[in-house]
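What follows is each chain in one-letter form.
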Amino acid sequence: MQVLQVQLEIRPDPAEVGRARRWARSRLAVSGIEADEPLAETLILLVSELVTNAVVHTGCPAVLRLQLQGVRGEPSGAPAGTVRLEVADSSACPPAPRHAQGDDTNGRGLELVDGLADRWGWSPEGAGKRIWCEVDRCAPGVTRAVAYPAYEGFAYEAV
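Here's what I pulled together on the structure shown here.

## Some thoughts on the sheet that holds strand 2 (residues 62–69)
Pairing is antiparallel across the open sheet formed by 5 strands, whose spatial order is 1-2-3-5-4. In the strand order of this sheet, the two ends are held by strand 1 (3–10) and strand 4 (119–125), each with one partner. Adjacent strand axes in the sheet meet at a mean angle of 15°, parallel and antiparallel pairs treated alike. With 7 bridges connecting them, strand 2 and strand 3 (residues 81–89) associate as antiparallel partners. Within the sheet, the bridge partner assigned to A62 lies in strand 3 and is D89. This element, helix 1 (residues 16–30), spans strand 1, strand 2 and strand 3 of the sheet and lies at about 165° to strand 1. Packed onto the sheet, helix 2 (residues 38–58) meets strand 1, strand 2, strand 3 and strand 5 (128–137) and runs at close to 15° relative to strand 3.

Structure follows, in structure tokens:
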């Protein structure tokens, strides 16, 4: 199975989150995941959350990595595979999942990652850490059901 692995260096600046989303969207399109697909929207939200956490909570540069299996043009034509997102930074502080309450304006990032990704975790990397998540791709025509965390005031649709 063909695998596409790409990475983007992220500066410790909140404006980098939008740049990371645009960059990831273009890389997903290369692998055959079009911008209007629910899977793309899920992956872009995951990119946004992981990059935001790195930028806001560490103040350090980071690296966003995408690993896409089953890229477009593969002889088998297999759309199945896994999309892996990783954000590595130089902060040794482990991620600290929180549970936001009602009107809180932050604190939902890792809960969203937990609800949207099929798997996620983190590991030490050098002097810092790597936070990763994976989303399994489905065959065309298969609806992907996602269990979203329940938040008061938020409405979600399954993808």
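## A look at the packing of helix 1 against helix 2
Between helix 1 and helix 2, whose axes approach to 9 Å, the crossing angle comes to 145°. Handedness of the crossing formed by helix 1 with helix 2: right-handed. Together, E16, V17, A20, R21, A24, R25 and L28 of helix 1 and A40, E41, L43, I44, V47, S48, V51 and T52 of helix 2 make up the contact between the two elements. In terms of residue class, the contact of helix 1 with helix 2 is built from 9 nonpolar, 2 polar and 4 charged.

## Things to note about the pattern of salt bridges
It is possible for side chains of opposite charge to pair when their charged atoms get near one another. Taken as a whole and judged by the stated rule, the model has 12 salt bridges. Across the pair E16 and R11 runs a salt bridge whose closest N-O atoms are separated by 3.0 Å. By relative accessible area, which is 48% here, R11 ends up partly exposed. Counted as one network, the salt bridges with shared partners bring together R65, R84, E86, R119, E125, R130, E134 and D136.

## Some details on the pairing of strand 3
Counted residue by residue, strand 3 has 9 buried out of 9 residues, so it is predominantly covered. With 9 bridges connecting them, strand 3 and strand 5 associate as antiparallel partners. Directly across from E86, in strand 5, lies its bridge partner W132.

## Quick look at the side chain of D89
Residue position: D89 is located in strand 3. A polar atom in the side chain of D89 sits 2.9 Å from the backbone nitrogen of S91. Within the structure, D89 has its side chain in polar contact with the side chain of K129 (distance 2.9 Å).

What counts as what
- Residues numbered from 1 in each chain as written.
- Predicted model: local features only at pLDDT ≥ 70, side-chain atom pairs only at ≥ 80, totals over all residues.
- Heavy atoms only, no water.
- Pairing = 2+ DSSP bridges.
- Helix = DSSP H or I, 4+ residues; strand = E, 2+ residues; numbered from the N terminus.
- Axes fitted to C-alpha atoms, helices over the stretch in contact; angles between N-to-C directions.
- Contact = heavy atoms within 4.5 Å.
- Left-handed = near helix turned anticlockwise from the far one by under 90°.
- Nonpolar A, V, L, I, M, F, W, Y, C, P; charged D, E, K, R; others polar.
- Salt bridge = Lys/Arg side-chain N within 4 Å of Asp/Glu carboxyl O.
- Buried < 20%, exposed > 50% of the residue type's maximum accessible area, 1.4 Å probe, protein only.
- Polar contact = N/O pair within 3.5 Å; in protein donor to acceptor, adjacent residues only side chain to side chain.

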